[in-house]
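Notes for the structure review
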Amino acid sequence: MSAPLLLVNDLKKHFPVRGGLFSRKSSWVYAVDGVSFEVERGETLSLVGESGCGKSTVGRAILRLFDITAGQVVLDGQRIDDLSPEGLRGMRRRVQVVFQDPFSSLNPRMRVRDILAEPIRNFGLAKSSAEVETRVAALMDTVRLPRDALNRRPHEFSGGQRQRICIARALAAEPELIVCDEAVSALDVSVKAQIVNLLQDLQQEFGLALLFISHDLAIVEHMTHRVAVMYLGKIVEMAPRQQIFTAPKHPYTKALLSAVPVPEPGAARHPIISHTLSICVRSLPNGGAGTSVDRKRPVGGVSSQSAAGTAGPAR
Ligand SMILES: Nc1ncnc2c1ncn2[C@@H]1O[C@H](COP(=O)(O)OP(=O)(O)O)[C@@H](O)[C@H]1O
Ligand SMILES: [Mg+2]
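Read on for an overview of the structure. Just so we're clear, the structure is a prediction, and the values are computed from it rather than from any experiment. (Residues numbered from 1 in each chain as written. Chains lettered and ligands numbered in written order. Predicted model: local features only at pLDDT ≥ 70, side-chain atom pairs only at ≥ 80, totals over all residues.)

**What about helix H4 (residues 112–122)?**
Among all positions of H4, only Val112, Ile115, Leu116, Ala117, Pro119 and Ile120 are buried. Packed against the buried residues of H4 are helix H5 (129–142) and helix H6 (159–172). Gly124 occupies a position one or two residues after H4 and carries a positive phi of about 60°. (Buried ≥ 20, exposed ≤ 12 C-beta atoms within 10 Å, placed from the backbone. Helix = DSSP H or I, 4+ residues; strand = E, 2+ residues; numbered from the N terminus. Contact = placed C-beta atoms within 7 Å.)

**Quick look at the site of ligand 1**
In the vicinity of ligand 1, 12 residues are found, and the nearest of them are Phe15, Ala31, Lys55, Ser56 and Thr57. The set of elements that each furnish at least two residues to the shell around ligand 1 consists of strand S2 (24–39) and helix H1 (55–62). No other element matches the 3 residues that H1 contributes to the shell around ligand 1. For the shell around ligand 1, a count of residues per class yields 4 nonpolar, 6 polar and 2 charged. (Near = placed C-beta within 6 Å. Nonpolar A, V, L, I, M, F, W, Y, C, P; charged D, E, K, R; others polar.)

**Concerning the packing of H6 against helix H7 (residues 189–206)**
What describes two packed helices is the angle between their axes and the distance between those same axes. Between H6 and H7, whose axes approach to 10 Å, the crossing angle comes to 20°. Considering their axes alone, H6 and H7 lie roughly parallel with respect to each other. Crossing handedness for the pair H6 and H7: right-handed. Where H6 approaches H7, its residues Gly159, Gly160, Gln163, Arg164, Ile167 and Leu171 are matched on the opposing element by Val191, Gln194, Ile195, Leu198 and Leu202. In terms of residue class, the contact of H6 with H7 is built from 6 nonpolar, 4 polar and 1 charged. (Axes fitted to C-alpha atoms, helices over the stretch in contact; angles between N-to-C directions. Parallel < 35°, antiparallel > 145°, perpendicular 65-115°, else oblique. Left-handed = near helix turned anticlockwise from the far one by under 90°.)

**Description of the pairing of strand S7 (residues 177–181)**
In terms of burial, S7 is a largely internal element, 5 of the 5 residues being buried. Residues Leu177, Val179 and Asp181 line one face of S7 and the alternating positions Ile178 and Cys180 line the opposite face, and both faces are buried. Sheet analysis places strand S6 (residues 95–98) next to S7, joined by 4 bridges and oriented parallel. Bridge pairing in S7 places Val98 opposite Cys180. In this structure, S7 lies alongside strand S8 (residues 209–214), joined through 5 bridges in parallel fashion. Counted as the bridge partner of Leu177 is Ala209 from S8. Taking the sense of rotation as the criterion, the β-α-β connection linking S7, H7 and S8 turns out right-handed. (Pairing = 2+ DSSP bridges. Right-handed = clockwise from strand over helix to strand, strands pointing away.)

**Thoughts on the environment of His225**
Relative to the elements of secondary structure, His225 occurs in the loop between helix H8 (217–220) and strand S9 (226–231). Spatially, the C-alpha atom of His225 lies 9.9 Å from that of Gly42, the residues being 183 residues apart in sequence. Not counting residues within four places of it along the chain, the set of residues in contact with His225 comprises Glu43, Thr44, Leu45, Pro240 and Arg241.

**Let's talk about the nonpolar core**
Counting 76 residues, the largest nonpolar core has Ile62, Val179, Leu211 and Val229 as its most contacted members. Top element by residues in this core is H6. It accounts for 7 residues. There are two domains that each give this core at least three residues, and those are domain 1 (6–76 + 176–309) and domain 2 (104–174). Among all residues touching Leu211, those that are not within four sequence positions of it are Val39, Leu45, Leu47, Gly59, Ile62, Leu177 and Val179. (Core = buried A, V, L, I, M, F, W, Y, C linked by C-beta atoms within 7 Å. Domains from an automatic or database assignment.)

**Some words on the sheet that holds S6**
In sheet architecture, strand pairing relies on hydrogen bonds along the backbone and comes in two forms, parallel and antiparallel. Across the sheet, 6 strands lie side by side as S6-S7-S8-S3-S9-S10; this open sheet has mixed pairing. Each of the sheet's edge strands pairs with one partner strand only, and the pair in question is S6 and strand S10 (234–240). Adjacent strand axes in the sheet meet at a mean angle of 20°, parallel and antiparallel pairs treated alike. Its contacts with the sheet put H1 on strand S3 (44–48), S6, S7, S8 and S9, and the angle it makes with S8 is roughly 150°.

**Comments concerning the packing of H4 against H6**
For the pair H4 and H6, the least separation of the axes is 7 Å and the interaxial angle reads 25°. Our classification of the angle between H4 and H6 gives roughly parallel. Every pair of crossing elements has a handedness; the one defined by H4 and H6 is right-handed. Of H6, the residues touching H4 (which contributes Val112, Ile115, Leu116, Pro119 and Ile120) are Ile165, Ala168, Arg169 and Ala172. Looking at the contact of H4 with H6, its residues break down into 8 nonpolar, no polar and 1 charged.

**Quick word on the environment of Val260**
The topology assignment puts Val260 in the loop between helix H10 (251–258) and helix H11 (273–283). On the basis of neighbour counts, which here come to 17 C-beta atoms within 10 Å, the residue Val260 falls in the partly exposed class. Considered as a pair, Val260 and Ala218 are 42 residues apart in the sequence and their alpha carbons are 5.9 Å apart.

**Let's talk about the pairing of S8**
Most of S8 sits out of view: 6 of its 6 residues are buried. Here S8 shows no split at all, with Ala209, Leu211 and Ile213 on one side and Leu210, Phe212 and Ser214 on the other all buried. Across 5 bridges, S3 lies against S8 in parallel orientation. Following the sheet pairing, Leu47 is matched in S8 by Ile213.

Keep in mind these values describe shape, not function.
What follows is the structure, encoded as C-alpha cells:
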C-alpha cells in the first residue's frame, strides 16, 4: 500500500505567552496538542471547530510557517517538519495555501499577470517567457476569470474574483495538496457556493487533495469526504462525511451540528451547546483543569451561527 499524501502524527504546537516584567515567558498556549490524521491523494479532509481551537495552527504547521513543538508531518513518505530551508523548497511547491482574506494575501501593487507568473518562475515550471504567458492565460480559464483581466490589480475585483486569483496562484505551482484556511468564510452565500464548486471541479480535474479548514460545518457538508472535528487543540472525532452529519458520536460534534441553521422556516434545531461543552471539558484527560489558565480560551461561539445567549465559553 502506498503512503498517504499527508500524514500528521501527534502534532503539537505550544506558543509561549510573554508577560510581566521584561516580557518573560509566563505561560503557554497549547494551540495544538496531539493531533493525528492522514489525507489521501485526491481527498478532501475538513478540519472544523470553533474559533481558537487550533485549526489554522495545524494548517500553518503543515505549511512549515513555523517550527512545531512535537510530532511529525510527513508528505508523501518524507518528513517535512525537520527539513532544511533547501529541502523545504520542493515541499513549498507541492503544498499550497488559500487564506480567508485575499486582500491581505495578494500584493495590491502587482497585476494579476505577475501574481500568477511569480510561482511559475520561482519554481522553474516554464522554459521560456512565452510558456509562462501561456500558462498564466490557461490558469485564468481554469478559475473561470476572463483573460482580459490579467492586466488588472487585485482591488479591481470582487471578493469572489479575488479568491479565484488566489486559487489560480496556488494552482500555478502545480501542487498536490491545497490548504484552504477559511477560504470561503468571508464570502456571500452564493459566491461561497461558486468557490466551493470550483474547488471541487479542480479537485476532479487535477486530482488535488484539499485540507479544508472551516469554523462552519454547513459549508463542508456537501463537499468533503471526511471531517475531523477539533476542540481545544485536539481532534475529538474523525469520520466520513455521511457519518458525521447523520450519526455523530462525540457530544461536541453534536453541539456543532445543532448550531448549523436548518433551511425550513420554523424548523429550528435545538442548540445543545452549553451543556455539551461542559461535558467536553470534563472528558478532557485532566478534566479540563488548566485549560483556562495555561491555554487561551477559544473566543466566540461554536460557529458564527451558534445560538447567541445559549452558551458562553465552557468554564
Ligand atoms: N503566534 C501565536 N502566538 C500565541 N498564541 C497563538 C499564536 N497563534 C495562535 N495562537 C493561539 O492558539 C490558539 C489557536 O489558534 P488558531 O489555530 O488560530 O485557531 P483557529 O484557526 O481554530 O481559530 C488560539 O488560542 C490563539 O490565540
Ligand atoms: Mg483560523
